[in-house]
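Structural overview
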Amino acid sequence: SNSNALARAAGKLYFGTATDNSELSDAAYVAILSDNSYFGQLTPANSMKWDATEPEQGVFTFSGGDQIVSQAKAHNQIMRGHNCVWYNQLPSWVSNGGFTSAQLTSIIQNHCSTLVSHYKGEIWDVVNEPFNDDGTWRSDVFYNTLGTSYVDIALQAARAADPGAKIYINDYNIEMTGAKATSMLNLIKDLKSRGIPVDGVGLQCHFIVGEVPTSLQSIMQQFTALGVEVAITELDIRMTLPASTALLAQQETDYKNVISACKAVSGCVGVTVWDYTDKYSWVPSTFSGQGEACPWDANLQKKPAYSGITAAWA
Ligand code: G3I
């Protein structure tokens, strides 16, 4: 059996992948992407971000996101919206700032509610990457104008726009015990105590071969103990190139351990890889000399990592 079928059999909602619009003209890539036995969920890697969806104030363009949704719907795949509020990939009219708090509040409300109502009935990363690695709040136009209240504003707008959508806060380096995870735990506690809607925490899981955090499962349990679900939202496990048999074997073990952690936590609803193939991974262009982070290689052939995934779900 294949990765999504096995995830479903293990009681999870999906095993999924990120994808991007430019990749949809690659027929061999799309053939695998479209196979629901492999993937039951898609996340658009870029086309629902602010610069793509509201490039000018009040002017929304849904064409890129809609294309990914059609691809997903045609194969009975769940969509994860990504994302409403993030410091990166903002159009300059937002990142330039200069807003009063009332102005930025209504800008966030309009952006979140328009996106979440256009893509109804889905899962949404409403707030992406709010923290620095030391656990302090990221200094961006949202925090600098509104303080932490921008998180409330975004979540409340998303909930009002579609009460049926699962609304998440998503971040990286919260997969291990430490200051950043503690800040996210405290944020969830605070939101819950004040009655601000939040359904889940996304753990991105951009890992390095041989360095999968041993506290991953326990951190997920700490989140679910607060009354939210969790998901692994952007999994990839990169290595320093060139790859070797030993590195690929370690990567197989690493993928297996990550999937096993989600499997073991009842509130972990699914796992998404940040594209399934090395052909389209973001890693080599960001981390010089590193790559081969995905479960399929650049020729769309399964790597040992894929066996790690299926072994863990089974
Ligand atoms: O669209 C332009 C194209 O017109 C231009 O010719 C080309 C030249 O560089 O750039 C294209 O834009 C690129 C865009 O991806 C679409 O391919 C950007 O330069 C590039 O920076 C952008 O990278 C994306 C990255 O987020 C930006 O931060 C990656 O594809 C995307 O996979 C990555 O995803 C993020 C998640 O959203 C949040 N978590 C981390 C994750 C990995 O960085």
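1. Focus on the site of the ligand
Taken together, 14 residues lie around the ligand, and Asn46, Lys49, His82, Glu234 and Trp274 are the ones closest in. Within the side chain of Gln89, a nitrogen or oxygen atom sits 3.5 Å from an oxygen atom of the ligand. In this structure, Glu129 approaches the ligand through a side-chain N or O atom, which is 2.9 Å from a nitrogen atom. Protein coverage of the free-state accessible area of the ligand, which is 790 Å², stands at 45%. Class assignment for the residues of the shell around the ligand results in four nonpolar, seven polar and three charged.

2. Here we look at the pairing of strand β2 (residues 41-44)
Of the two faces of β2, the one holding Gln41 and Thr43 and the one holding Leu42 and Pro44 are both buried throughout. The sheet contact formed by strand β1 (residues 14-19) and β2 spans four bridges and is parallel. Its bridge partner lying in β2, Gly16 is registered against Gln41. Assessed by its sense of winding, the connection that carries the chain from β1 through helix α2 (residues 27-33) to β2 is right-handed. Summarising the sheet, β2 and strand β3 (residues 78-85) pair through two bridges and their orientation is parallel. Note on β3: the bridge partner recorded for Leu42 is Met79.

3. Comments concerning helix α4 (residues 63-73)
If you check which residues of α4 are buried, you get Gly65, Ile68, Val69, Gln71 and Ala72. Mapping the buried residues of α4 onto a view down its axis gives an arc of 160°, with all of them on the same face. In α4, the exposed positions angled more than 90 degrees off the buried face are occupied by Ser63 and Lys73.

Calculation notes
Residues numbered from 1 in each chain as written. Predicted model: local features only at pLDDT ≥ 70, side-chain atom pairs only at ≥ 80, totals over all residues. Heavy atoms only, no water. Near = heavy atom within 4 Å. Polar contact = N/O pair within 3.5 Å; in protein donor to acceptor, adjacent residues only side chain to side chain. Areas by Shrake-Rupley, 256 points an atom, 1.4 Å probe, with all protein chains shown as cover. Nonpolar A, V, L, I, M, F, W, Y, C, P; charged D, E, K, R; others polar. Buried < 20%, exposed > 50% of the residue type's maximum accessible area, 1.4 Å probe, protein only. Helix = DSSP H or I, 4+ residues; strand = E, 2+ residues; numbered from the N terminus. Pairing = 2+ DSSP bridges. Right-handed = clockwise from strand over helix to strand, strands pointing away. Arc of directions from axis to C-beta.

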